[in-house]
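Given next are the chains, with one letter for each unit.
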Amino acid sequence: MIAYIDQLRRMRKIHRLTESSLNALQNRRLRAVIRNAYDHVPYYRNLFKSVGLSSDDIRTVDDLRKIPVTTKDDLKAAGVRDTVADWVDLSKCIRRTTHGTTGKHLDLYRTWKEQRTVLLLNLTAQMSVGYRPQDVLGVLGPELPFVPRFYHRIGLLRKDIIPLSLPVKVQIERLRKLQPTVIWAYPSALRALIHRLEIPMRELVRPRIIIHSAEVLDRVLRRRLAEDSDAECFNFYLAQEFGLIAWECLTHEGLHLNSDHSVLECLHDGTPATPGKTGSAVLTSLYANAMPFIRYEIGDLIAFLPKKCSCGCPLPLIDHPIGRQDDMVVLASGRTLAPMRFAYILEKFPSIDQWRVLQVRQDSFVLQLVLRDELTSEMSRTIRAEFLEYLGEPATLDIQVTDFIEEEAYKFRSFVATY
């Protein structure tokens, strides 16, 4: 417990460092991660040697560009023996499995100390947005092991994990009984909850804070949450491989990158994207040594913001992640478009509760809508015209109204290419 509190204190202190001190800390941790990976992880030692590098060649964050990018497929092909450090006893590790939208699962291994870091990154960010030890946290997400600690029994840091595998009616009853003051949930879980409720959310629970993660919170759902709840919403950007990557603070000017625990690169066509330009997220963990992740392409689309946050925290800002690389619209001409524009078109219509766009061919789309009112002919004409104008080339759009759009995977995707 003493080590837990001491590490939490040091993490919170980092938020007050100068930029130069933060950079020095980042480079120092990077060198330790690189040295461990080269000496003890066959996959990375072979990768470095393939381009003529040794661990001594990587001294600063800028040197990372010398290392080839690694993907989930690369690590899966290499296998556990070559991607986990040779000093690790797997039987004593925390094992997790990625459960993203790609259908490609990867087993992850952490030491207990690394897992403690993951938990404390979450707690540090929660405290930064107003979470207090006496709060009650309700987590709507994947079912994970939860062992109550002694401080839970004395009324501190209380929480309950409400698995998404439970029927929504059961989730509602669990929330009613728990009465959380803070909710952490997937947007799809919040959407399903609001859809099933016959009363405004504030009549079921009255949290001060709603933290959403794992998916993009589209503008339609954000508006509905504002209507149904008095809570302040915060976006936390996580990945199973890294834990908490970035978090939105009280100023809502962007997401603070945990650059003391990870290095984030934003690559556009393989080169660093300029601030404000969208690119692919490539991450290096600065605390994972049991199973390192170095220049790991995570598949998300992000952009750095060209400003400092007015809150005074030195951690750099990124914009809200806009989705996945494999969630791009690819047209018959070969042009690619970001599907987030669809959200801007649909947010104009208050009767829309939920939506999803299916691309069934390169020139054919289906828009699924969940509505509180009837679909009028004028609304249909406007949506179709604005969609086709955005696509900018010949295509068809079929609009279908349904009661609710279910998601088989954990994460809801508002755009899916099915062809």
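All values derive from a computational prediction rather than experimental measurement. (Residues numbered from 1 in each chain as written. Predicted model: local features only at pLDDT ≥ 70, side-chain atom pairs only at ≥ 80, totals over all residues. Heavy atoms only, no water.)

Draft legend 1. Here's a closer look at the overall build of the chain. Of the regular secondary structure elements, the chain holds 12 helices and 21 strands. The globule rule puts the C-alpha radius of gyration for 419 residues at 22 Å, and the 22 Å found for the chain is close to it. Viewed in the frame of its principal axes, the chain has a C-alpha envelope of about 65 × 60 × 40 Å. Scored against the burial criterion, the 419 residues of the chain give a buried share of 52%. Taking all contacts inside the chain whose residues are at least 6 apart in sequence as the whole, residues at least 24 apart take part in 64%. Surface accessibility of the chain: about 19,500 Å² in total, with carbon and sulfur atoms responsible for 51%. Side-chain charges in the chain split into 57 positive and 51 negative, and the spacing between the mean points of these groups amounts to 7 Å. (Helix = DSSP H or I, 4+ residues; strand = E, 2+ residues; numbered from the N terminus. Rg over C-alpha atoms; globule rule 2.2 N^0.38 Å. Buried < 20%, exposed > 50% of the residue type's maximum accessible area, 1.4 Å probe, protein only. Contact = heavy atoms within 4.5 Å. Areas by Shrake-Rupley, 256 points an atom, 1.4 Å probe, with all protein chains shown as cover. Lys, Arg positive; Asp, Glu negative; His and termini not counted. Charge placed at Lys NZ, Arg CZ, Asp CG, Glu CD.)

Draft legend 2. Structural detail: the side chain of Ser259. Among the secondary structure elements, Ser259 is positioned in the loop between strand S9 (255-257) and strand S10 (262-268). Each residue touching Ser259, except ones within four places of it in the same chain, is listed here: Leu22, Gln26, Leu286, Leu315 and Pro316.

Draft legend 3. Quick peek at the pattern of salt bridges. The final tally for this structure, using the stated rule, is 18 salt bridges. Across the salt bridge formed by Arg174 and Asp160, the nearest N and O atoms sit 3.3 Å from each other. Placement of Arg174 in helix H8 (residues 168-178) and of Asp160 in strand S4 (residues 158-163) is noted, with a sequence separation of 14 residues between them. A relative accessible area of 27% places Arg174 in the partly exposed class. Residue classification places Asp160 among the partly exposed positions, given a relative accessible area of 21%. Notably, a salt bridge pairs Arg206 with Asp230, separated by 2.6 Å at the nearest N-O pair. On the criterion of sequence distance, the pair formed by Arg206 in the loop between helix H9 (187-196) and strand S6 (209-213) and Asp230 in the loop between helix H10 (219-228) and strand S7 (232-239) is long-range, its members being 24 residues apart. Across this residue pair, the class does not change: Arg206 and Asp230 are exposed. The structure contains a network of salt bridges with shared partners spanning Arg224, Glu227, Asp228, Asp353 and Arg372. (Salt bridge = Lys/Arg side-chain N within 4 Å of Asp/Glu carboxyl O.)

Draft legend 4. Quick look at the packing of aromatic side chains. Within the structure shown, the criterion is met by 9 aromatic pairs. Ring centres 5.5 Å apart and planes at 50° place the aromatic pair Phe242 and Phe293 in the tilted group. Highlighted residues: Phe242 in the loop between S7 and strand S8 (243-248) and Phe293 in the loop between strand S12 (279-285) and strand S13 (296-302), separated in sequence by 51 residues. For the pair formed by Phe242 and Phe293, the shared burial category is buried. Here Phe342 and Tyr390 contribute two aromatic rings whose centre-to-centre distance is 5.9 Å and whose plane-to-plane angle is 90°, an arrangement assigned as edge-to-face. Of the two residues, Phe342 sits in helix H11 (residues 340-346) while Tyr390 sits in helix H12 (residues 377-391), which places them 48 residues apart along the sequence. (Phe/Tyr/Trp six-rings, centres within 6.5 Å; stacked < 30°, edge-to-face > 60°.)

Draft legend 5. Local environment of the nonpolar core. Judged by nonpolar contacts, the single largest core of 45 residues is most densely connected at Tyr44, Phe48, Ile67, Tyr237 and Ile298. With 5 residues, the top contributor of residues to this core is helix H2 (residues 19-40). The contacts of Tyr237, once residues within four sequence positions are left out, are Gly243, Leu244, Ile245, Ala246, Leu255, Ala281, Ile298, Asp300, Ile302, Ile318 and Pro321. Leu8, Leu120, Ile161 and Val182 belong to the second largest nonpolar core, which has 33 residues in total. (Core = buried A, V, L, I, M, F, W, Y, C linked by side-chain atoms within 4.5 Å.)

Draft legend 6. Geometry of the sheet that holds strand S15 (residues 323-324). Spatial ordering of the open sheet is given by S11-S10-S12-S13-S15, a layout of 5 strands whose pairing is antiparallel. A single partner strand is all that each edge strand has here, and the edge strands are strand S11 (271-272) and S15. Where S10 and S12 come together, 6 bridges link them in antiparallel fashion. Bridging across to S12, Leu267 finds its partner in Ser280. (Pairing = 2+ DSSP bridges.)

Draft legend 7. Main features of the environment of Arg341. Mapped onto the elements of the fold, Arg341 is located in helix H11. C-alpha separation for the pair Arg341 and Asn235, spaced 106 residues apart in sequence, amounts to 20 Å.

Treat this as a map of the structure, not an account of what it does.
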